[in-house]
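# Structural overview for review
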Amino acid sequence: MEKLQRADLWSLEHYAEKRAGFRQQVMEHKSRRRLPLGEHATLYFEDRLSIQYQVQEMLRVERIFEPAAIEEELAAYNPLIPDGDNWKATFMLEYPDRAERQQRCRELVGIEHRVWVQIGEGERVYAIADEDLSRATEDKTSAVHFLRFQLNAEQKRQALDGAPLHFGVDHPLYQTQVLPPEPVRQALCADLR
């Protein structure tokens, strides 16, 4: 998947004009890229469009218009775009109550390393977590992590050939396994083409 360049982005003024329509398009797109993992964890699979939206929003909120600052944002966000042989996702622990969320983040240390995908009858592929910077300590994990599910050529072929995909978590205090709905599966396969 092609990385974003400055030429792919709208100026702040142009984005202000397009924002409502673009936001609606992206929200619909992202609905096919969301996978709940049980009641309190979700994978949000990123792609070029979702990252373009995040960059545009960051530029808007921070009022960034200088070329060097825009390049810094692109350098920060482009690594979240899949490379054709992997899936990249934002993994979120979702507990609405702040105190409960803080408690769970203390209990679920290491959960970001226990998120996996299994293609067909193959081995589980555990996500590589937070390559940009650590978001956890020995005492607690973060509620947000960035994951990469790296596939080999055979796993990619099997996924594209229609093998079932199972995603799950096998942390001692949080265990789940799900089969993505067909729209999510199709979106993930599109990331591999």
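Notes on the structure in this doc start here. On a predicted model such as this, the values are computed, not experimentally measured, just so you know.

Right, let's get into the pattern of salt bridges. Applying the stated criterion across every chain yields a total of 16 salt bridges. For Lys-88, the salt bridge identified is with Asp-83, shortest N-O distance 3.1 Å. The partly exposed category is assigned to Asp-83, whose relative accessible area is 38%. Ionic pairing is found between Asp-161 and Arg-157, a salt bridge with its closest N-O pair at 2.6 Å. Taken together, the shared-partner salt bridges connect Lys-3, Asp-83 and Lys-88 into one network.

The subject of this paragraph is the environment of Lys-30. Mapped onto the elements, Lys-30 comes out in helix 1 (residues 12–31). Judged by relative accessible area, which is 25%, Lys-30 ranks as partly exposed. Spatially, the C-alpha atom of Lys-30 lies 9.0 Å from that of Leu-49, the residues being 19 residues apart in sequence. Dropping the residues within four chain positions of it, Lys-30 is found in contact with Ser-50 and Gln-54.

Looking now at helix 6 (residues 182–191). Among all positions of helix 6, only Val-184, Arg-185, Ala-187, Leu-188, Cys-189 and Asp-191 are buried. The secondary structure elements touched by the buried residues of helix 6 are strand 1 (34–36), strand 2 (41–45), strand 3 (86–93), helix 5 (153–160) and strand 8 (165–171).

Basis of the calculations
- Residues numbered from 1 in each chain as written.
- Predicted model: local features only at pLDDT ≥ 70, side-chain atom pairs only at ≥ 80, totals over all residues.
- Heavy atoms only, no water.
- Salt bridge = Lys/Arg side-chain N within 4 Å of Asp/Glu carboxyl O.
- Buried < 20%, exposed > 50% of the residue type's maximum accessible area, 1.4 Å probe, protein only.
- Helix = DSSP H or I, 4+ residues; strand = E, 2+ residues; numbered from the N terminus.
- Contact = heavy atoms within 4.5 Å.

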